[in-house]
Structures are given as C-alpha cells and as structure tokens.
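Notes for the structure review
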Amino acid sequence: VKPVGRTILASTIAKTYISEVEDGVRKLGRSPKLVGFLANADPAAKMYAEWTGKTSESLGFTYELRVVDKDDLEESIIDANEDDSVDGIMVYFPVFGNRQDQYLQQVVSLEKDVEGLNHKYIQNMYHNIRFLDEEEQQKSILPCTPLALVKILEYLGVYNTLLDYGNRMYGKQVVIVNRSEIVGRPLAALLANDGATVYSVDLDGIQRFTRGAGLHLKRHKVEDVDLTLEDVAKNADVIVTGVPSPNYKFPKELVKDGAVCVNFSSEKNFNPDVKEKASLYVPMTGKVTIAMLLRNLLRLIDNKVANKSK
Ligand code: NAD
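Anyway, here's the lowdown on the structure attached to this text. (Residues numbered from 1 in each chain as written. Predicted model: local features only at pLDDT ≥ 70, side-chain atom pairs only at ≥ 80, totals over all residues. Heavy atoms only, no water.)

1. Brief notes about the site of the ligand
- Looking at the ligand, there are 19 residues lining it, with Arg179, Ser180, Asp202, Ser266 and Thr289 nearest.
- Ser266 is positioned such that a nitrogen or oxygen atom in its side chain is 2.8 Å from an oxygen atom of the ligand.
- In the model, an oxygen atom of the ligand is placed 2.6 Å from a nitrogen or oxygen of the Thr289 side chain.
- Coverage of the ligand by the protein chains reaches 69% of its 860 Å² of free accessible surface.
- Across the shell around the ligand, the residue classes break down as eight nonpolar, nine polar and two charged. (Near = heavy atom within 4 Å. Polar contact = N/O pair within 3.5 Å; in protein donor to acceptor, adjacent residues only side chain to side chain. Areas by Shrake-Rupley, 256 points an atom, 1.4 Å probe, with all protein chains shown as cover. Nonpolar A, V, L, I, M, F, W, Y, C, P; charged D, E, K, R; others polar.)

See below:
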C-alpha cells in the first residue's frame, strides 16, 4: 500500500516567503546590502555563504562576502556596523568554537543583526515581547532558524488560523529533539508562547514548555519532567529533529499516525519510510532559513525608518 504521508520540500515552502521578500525589495526601491563574514575554513559555512549570496542576489539584494582572519573579525564587524551603506550583517559560525563566538555575535549592532541573535531580541522572544517600542511600530526580530520552523508549521497548517494570533498552537503537542541555544531552546519557547505544549528532548533529559492550563500564562514556563521519548512521542502532533549526527534516526515506531515530522539537522534524522506514519514530512529546512534572513533584513530597514520618523 502506498503511504498516505507526503514529503513537502523546503524549496516549495520558501516560495511563499520569497515572493513576499521580493515584493518588499520592490517597494523599497533600492537594493538592500547584506554583508556576510567568513572567518573559518569550514566547508559547510562556505557553502552556506555561497547559498545566501546566490539567493540574496537573485531576490534583488546586494550581498558581499568578507573573508577575514578570525583575529580581525571584531574590528571588521565594527567597521560594518558604522558603515551606512550596510543594511545587514551576518557571521558564519563557528569561528573560535567557544564562548568568544557568543561575544562576537553580540558585537553585531542591534540595527543590523539579520540573524536575530542579539541578546535584546532573544530576551524579547523568551519573554514573549513582540515589539521594540511602546507604540508597537517596530517588531522585534526573531532568530532565523527557529522562525523558519514556525513559518514551516504555519505553511503546513499546524497553526490554526481560526484562533487569535499568539494562541494558534493551542492544544498542539510538539516534541523537539535538540535543545541548543541557537535553535532547539528558542524554538521550544516560541511554540509554547504560541500556545503549544512542547517537550524539549536533549541528551540530559526532557523539559516541558507550556503556558499552562487554558493558556493562562502570558509567556511560557519550563519544567523538568520524568518522561521518556516514547511517552512524549506517542501524543505528539509535531516532531522536530535537529540531531547533528549521521547515525541518529528518530524511531519510526514512536511516530503517531498523522503526525507532522520536520528535520532541521544537516543530517537526515528520519528515514524516508517515516511517511508510513507521518502525514507531512519536511526533510530539510535551510532554504526557508535563508528566506527568513532576508525577511529579517527588510524588517530591520522598516524599524530604522520607523525609528527615524519618531
Ligand atoms: P548543537 O550541537 O548545538 O545541538 C545539538 C542538540 O541536539 C543538543 O541539544 C544535544 O543535546 C541534542 N542531541 C544530540 N544528540 C541527541 C540525541 N541522540 N537525543 C536527543 N538529543 C540529542 O547543534 P545546533 O547548532 O542546534 O545544530 C543542529 C543541527 O542543525 C546541525 O546539523 C546544524 O547544521 C543544523 N542547523 C540547521 C539550520 C537550518 O537552517 N536548517 C540552522 C542551524 C543549524
């Protein structure tokens, strides 16, 4: 019997957001400039840089890749911060592979941080604060990979648009296998802030992110739970994986009939036969992430305009 489940490609999902971005550039009437900093010899980072360059140029942006020595990176970021012709900045990590990378990320100015990794943006996200100003004219920037996953779930119809904005994941159970600071933990917070019950699975255990019964809390709370992957997977409407290992496969037998499965790891964390259980399966997400990066860049420009007209 042919499985009911369908594979949905990131390129298909990205199309909606790409045309939105193209429209944005057209309305702006000029080519926004994105500068990428490459300070490592990692071939994956180089490939990602090439992809961002290609995509941004094809959508009407100007992209400049600056290859710098890692010891000159901080000064180079500061130069770009101060250069009015640069609208957005991104850095391809890892550079030092330790906490210095976190420091360097914070050197990128708030106004140019297309990846949405500035402390202010991250803190707003965890606290479910969606605007930068009291007048609610300037939207806070969301970190682009977690944002891409939210947009993917919207596209797949997991978000219920009949519910109010901010509550559209109400009643949904989500399992996320990855709790990194870059993707897994912010994603758990975002989905829980939108109303989902999220089980965040890590090597050390499982945490539950939720706004409580009837979504009575304004923002999510987190608790450690004494449950197994099997316990949480059997009720999961959505399973998101991000395990950076080629040997890891999410066990198909734990996937509930009709669940939505999304993998953001560069390794395939599901076997394709997951479609025997899943309704929708998204094997990779990188193209949507790039679309979000450019969407964030346009939002930074909007914010700058709103800020100036104050
Ligand atoms: P990371 O190494 O910082 O985090 C990995 C997380 O997975 C950790 O929380 C770890 O505890 C958990 N984990 C590892 N093995 C596990 C297991 N067997 N069971 C449960 N949890 C386990 O990595 P990261 O920065 O989050 O990146 C993860 C992957 O996502 C990488 O492959 C990376 O290339 C990819 N990535 C993709 C995008 C995109 O846009 N698609 C963006 C960023 C990262």
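2. Quick look at the packing of aromatic side chains
- Scanning the model with the defined rule gives three aromatic pairs in all.
- Ring centres 5.7 Å apart and planes at 50° place the aromatic pair Phe250 and Phe270 in the tilted group. One end of the pair, Phe250, is in the loop between strand E9 (238-241) and strand E10 (260-263); the other, Phe270, is in the loop between E10 and strand E11 (280-282), with 20 residues separating them in the sequence. For the pair shown, Phe250 and Phe270 are each scored as buried.
- Ring geometry for Phe270 against Tyr281: centres 5.8 Å apart, planes inclined by 80°, an arrangement best described as edge-to-face. With Phe270 in the loop between E10 and E11 and Tyr281 in strand E11, this pair connects stretches of sequence that are 11 residues apart. (Phe/Tyr/Trp six-rings, centres within 6.5 Å; stacked < 30°, edge-to-face > 60°. Helix = DSSP H or I, 4+ residues; strand = E, 2+ residues; numbered from the N terminus. Buried < 20%, exposed > 50% of the residue type's maximum accessible area, 1.4 Å probe, protein only.)

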